[in-house]
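Working through the structure, step by step
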Amino acid sequence: MTSSSTESTGLPADWAEEVRRLARERDAVILAHNYQLPEIQDIADHVGDSLALSRAAAAVDASTIVFCGVHFMAETAKILSYDKTVLIPDERAGCSLADTITADQLRAWKAEHPGAVVVSYVNTTAAVKAETDVCCTSSNAVDVVASIDPDTEILFCPDQFLGAHVQRITGRTNMHIWMGECHVHAGINGADLRAKVEADPEAELFIHPECGCATSALYLAGAGVVPAERTKILSTSGMVTAAQQTTASKVLVATETGMLHQLRKANPLVIFEPVNRAAVCKYMKMITPEKLLRSLRTMTDEVTVPADVAERARRSVERMIAIGTPSRTAE
Ligand code: 13P
Ligand code: SF4
């Protein structure tokens, strides 16, 4: 290790300047999801949720996009900016939720429900998006489903908890839901939530709709255990907006813990506490400063999507981008 390296990793002390210098040299823009390591969020040009980053990817002028997030997100950037080079600092950064449905499984499901409209959460592979009519994210899933003719059947995949949330809000009965889940969010359960709420009865609650506890949160609110007006089911960027606006002194946060960095920046006066400290997405955390540096130096790992798949997937993603309220990116 040289004297200009940090103690444990061999990362140069000036790594952040080096990333910025290489990004300029490569004509690259750096996008980071809200669950990334704090140092990755802080160096990115845009930080946001899936929808905001899809929008940013579609709008950038730079010839290269370095996507600090998981693989399906980088694929979405490639689908939307096909002529650009899209890099992910570690192509092994997958998603347990996206892995719960394949294109073959979706085709078989569609064959059982001819005429149904397929709504896929953006946490899916490009091949699944190519079989989809319209994609959605956690911030516009309700708007997407509400935009579909009420008499038309819907196949909603892959997240069962988001599906249940959308069904509850829209009151839709002709909606079939795929039983997929994210291992991180499914692990934030009703018992964790109840214990936290009982210990902190005055706190506000921010809950991502992928959580296993989202159903419990609404049940507990209905039962008066948690106050309905202080229980908010939000996408990751919805949480940032709510953090800026809250008057509570403490907020309990039910999502991946990387989210706490943006929330604390958005409102340093509030205490943001995770409902489950172990809710860490190992895939999101595969993107490190070392790998970001390597990615910019060597222009790897490049994300590719076959042209025919990208073309079909683009239609469903562009429909998603056109629907729903804009979500925020931090710059
Ligand atoms: P958002 O769309 O809210 O950013 O969530 C993406 C995700 O992967 C949640 O686990
Ligand atoms: Fe996928 Fe869950 Fe990680 Fe989000 S938190 S990227 S849904 S594994």
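Reading the values: the criteria
- Residues numbered from 1 in each chain as written.
- Chains lettered and ligands numbered in written order.
- Predicted model: local features only at pLDDT ≥ 70, side-chain atom pairs only at ≥ 80, totals over all residues.
- Heavy atoms only, no water.
- UniProt positions renumbered as here; feature names shortened; annotations may be inferred.
- Core = buried A, V, L, I, M, F, W, Y, C linked by side-chain atoms within 4.5 Å.
- Buried < 20%, exposed > 50% of the residue type's maximum accessible area, 1.4 Å probe, protein only.
- Contact = heavy atoms within 4.5 Å.
- Salt bridge = Lys/Arg side-chain N within 4 Å of Asp/Glu carboxyl O.
- Helix = DSSP H or I, 4+ residues; strand = E, 2+ residues; numbered from the N terminus.

Where an unreviewed UniProt entry is consulted, the protein chain appears under the name quinolinate synthase, with the organism given as freshwater metagenome. What the UniProt record of the protein chain gives under Pathway (unreviewed entry) is the line "Cofactor biosynthesis; NAD(+) biosynthesis; quinolinate from iminoaspartate: step 1/1." Under the heading Cofactor (unreviewed entry), UniProt records this for the protein chain: "[4Fe-4S] cluster".

Attention shifts here to the nonpolar core. Residues Val119, Phe156, Leu193, Ile207 and Phe272 are the most contacted members of the largest nonpolar core, which totals 101 residues. Ignoring any residue separated from it by four or fewer positions in sequence, one finds Val119 in contact with Thr132, Val134, Cys136, Val144, Ile148, Ile154, Leu155, Phe156 and Cys157. Judged by nonpolar contacts, the second largest core, of nine residues, contains Trp109, Ala116, Val118 and Cys157.

Another point: the pattern of salt bridges. Applying the stated criterion across every chain yields a total of 19 salt bridges. Residue Glu198 is joined to Arg194 by a salt bridge in which the shortest nitrogen-to-oxygen separation is 3.3 Å. Highlighted residues: Glu198 and Arg194, both in helix α10 (residues 190–199), separated by four residues, approximately one helical turn. Residue Arg194 is classed as partly exposed on the basis of its relative accessible area of 35%. A salt bridge links Lys232 to Glu204; the nearest nitrogen and oxygen atoms lie 3.6 Å apart. With Lys232 in strand β10 (residues 231–233) and Glu204 in strand β9 (residues 204–207), this residue pair connects regions lying 28 residues apart in the sequence. Judged by its relative accessible area of 26%, Lys232 falls in the partly exposed class. Taken together, the shared-partner salt bridges connect Asp104, Arg107, Lys110, Glu131 and Arg312 into one network.

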